[in-house]
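Examination of the molecular architecture
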Amino acid sequence: MRRPRSAAVVAVALVVAGPAAAAAGTGTDPSSSPSSGASTPDPALVEEAAEHLAADRERIEGTEITDAMRAAAVVDLAADDATHLLRADDSTFPLSPDDATTTLESTVEEEGDTVTTLTSDLLFAFGSAELTGPARTAVAELAAQIPDGAEVGVDGHTDSIGSAADNDELSERRAKAVASVLRDERDDLSFTVRGHGEDDPVAENEVDGADNPAGRALNRRVEVTYPTS
């Protein structure tokens with residue numbers, strides 16, 4: 001790439017004139033610089049270099065930055081270059097305990113009974129009592145574990161968010177949804193279905209007056225109780 005003429009002249013002037021030319025370009029007295037062995041600068045060349053420097057400085061300071069110049073200096077980020085099309089197939093997966101931060105179910109034995117606790121967050125959407133497709137499959141698989149002719153208790157629970165009345169209703173509707181799937185799979189079973197709302201937590205909804213999301217997640221559940229075979 002070729003240099004502008006002014007830059008070339010300045011470079012030549014500095015090489016030829018040495019320290020004196022540099023001093024002239026900065027306005028200092030060349031007589032104050034060491035001069036042992038230095039050749040006498042060409043006054044005309046030094047003067048021309050100084051004129052070009054002054055002209056360049058004036059041109060730069062007087063340049064107006066236009067919108068066209070700004071547009072030429074930036075890269076236009078197109079939406080097609082910066083975004084990824086979000087598809088449901090890319091962001092969802094079938095309901096599976098292995099994919100969740102909490103397990104779909106946990107089972108314990110209590111005084112001759114088996115209690116299977118189903119995590120509501122993996123069964124229902126927020127505030128909903130309608131089982132998702134994969135959740136219905138998971139509940140149907142649970143039915144096969146229940147002994148023949150058993151009396152089954154289905155108890156719904158919520159956390160403490162919302163009014164007590166709303167939580168009572170939601171917990172009961174969720175318990176009925178689970179019992180309905182079990183009944184469809186096993187007509188030999190009998191059911192007692194109850195909603196407890198927020199009245200029977202298994203963890204603290206708050207800790208030291210602050211919200212406890214992990215505890216509330218444990219409280220949102222449906223418990224299925226049946227005799228241990």
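Whatever comes next refers back to the structure up there.
An account of the accompanying structure is given in this report. These numbers come from a predicted model, not from an experiment.

Glancing now at the pattern of salt bridges. Evaluation of the coordinates by the stated rule reveals eleven salt bridges. For D148, the salt bridge identified is with R186, shortest N-O distance 3.3 Å. A residue pair is termed long-range when its members are at least 10 positions apart, and D148 in the loop between α8 (133-143) and β3 (151-157) and R186 in the loop between α9 (164-185) and β4 (190-195) qualify at 38 residues. Using a relative accessible area of 12% as the deciding quantity, one classes R186 as buried. As a salt-bridge pair, E223 and R221 come within 3.0 Å of each other at their nearest N and O atoms. Residue class for R221 comes out buried when judged on its relative accessible area of 3%. A single network of salt bridges, built from pairs that share partners, joins D121, D159, D211, R216 and R220.

It is worth spelling out the nonpolar core at this point. Counting residues in each nonpolar core, the largest one holds 27 residues, and the members touching the most others are L123, V152, V154, V178 and L182. Put simply, the parts of the chain that give this core at least two residues each are α7 (120-123), α8, β3, α9 and β7 (221-227). Setting aside chain neighbours within four positions, we find V152 in contact with I146, L189, S190, F191, T192, V224, T225 and Y226.

Attention now moves to the layout of surface pockets. Put simply, the largest pocket is a space of about 330 Å³. If you trace the largest pocket, you find 17 residues lining it, with F126, G127, D159, L170 and R220 closest to the centre. Top element by residues in the lining of the largest pocket is α9. It accounts for five residues. Residue classes in the lining of the largest pocket are distributed as five nonpolar, five polar and seven charged.

Okay, the packing of α8 against α9 next. A pair of packed helices can be characterised by two numbers: the angle between their axes and the separation between those axes. Following both chains from N to C, one finds α8 and α9 inclined at 55°, their axes separated by 9 Å at the closest point. The orientation of α8 relative to α9 falls into the category oblique. Judged by the sense of rotation from one axis to the other, the crossing of α8 with α9 is right-handed. On α9, the residues that touch R136, V139, A140 and A143 of α8 are V178, V181, L182, D184 and E185. In terms of residue class, the contact of α8 with α9 is built from six nonpolar, no polar and three charged.

A word on the sheet that holds β3. One open sheet accounts for five strands, arranged β1-β2-β7-β3-β4; its pairing is mixed. Here the strands that pair on one side only, and so sit at the sheet edges, are β1 (105-110) and β4. Strand-to-strand twist across the sheet, computed as the mean angle between neighbouring axes with direction ignored, equals 20°. Across five bridges, β3 lies against β7 in antiparallel orientation.

Cut-offs and rules
Residues numbered from 1 in each chain as written. Predicted model: local features only at pLDDT ≥ 70, side-chain atom pairs only at ≥ 80, totals over all residues. Heavy atoms only, no water. Salt bridge = Lys/Arg side-chain N within 4 Å of Asp/Glu carboxyl O. Helix = DSSP H or I, 4+ residues; strand = E, 2+ residues; numbered from the N terminus. Buried < 20%, exposed > 50% of the residue type's maximum accessible area, 1.4 Å probe, protein only. Core = buried A, V, L, I, M, F, W, Y, C linked by side-chain atoms within 4.5 Å. Contact = heavy atoms within 4.5 Å. 1 Å grid on protein atoms, 1.4 Å probe; cavity = no way out; pocket = protein on both sides within 12 Å on 5 of 7 lines; lining within 4 Å. Points joined across faces, edges and corners; volume = space filled by probe spheres on them. Nonpolar A, V, L, I, M, F, W, Y, C, P; charged D, E, K, R; others polar. Axes fitted to C-alpha atoms, helices over the stretch in contact; angles between N-to-C directions. Parallel < 35°, antiparallel > 145°, perpendicular 65-115°, else oblique. Left-handed = near helix turned anticlockwise from the far one by under 90°. Pairing = 2+ DSSP bridges.

These values are about where atoms sit, not about what they do.
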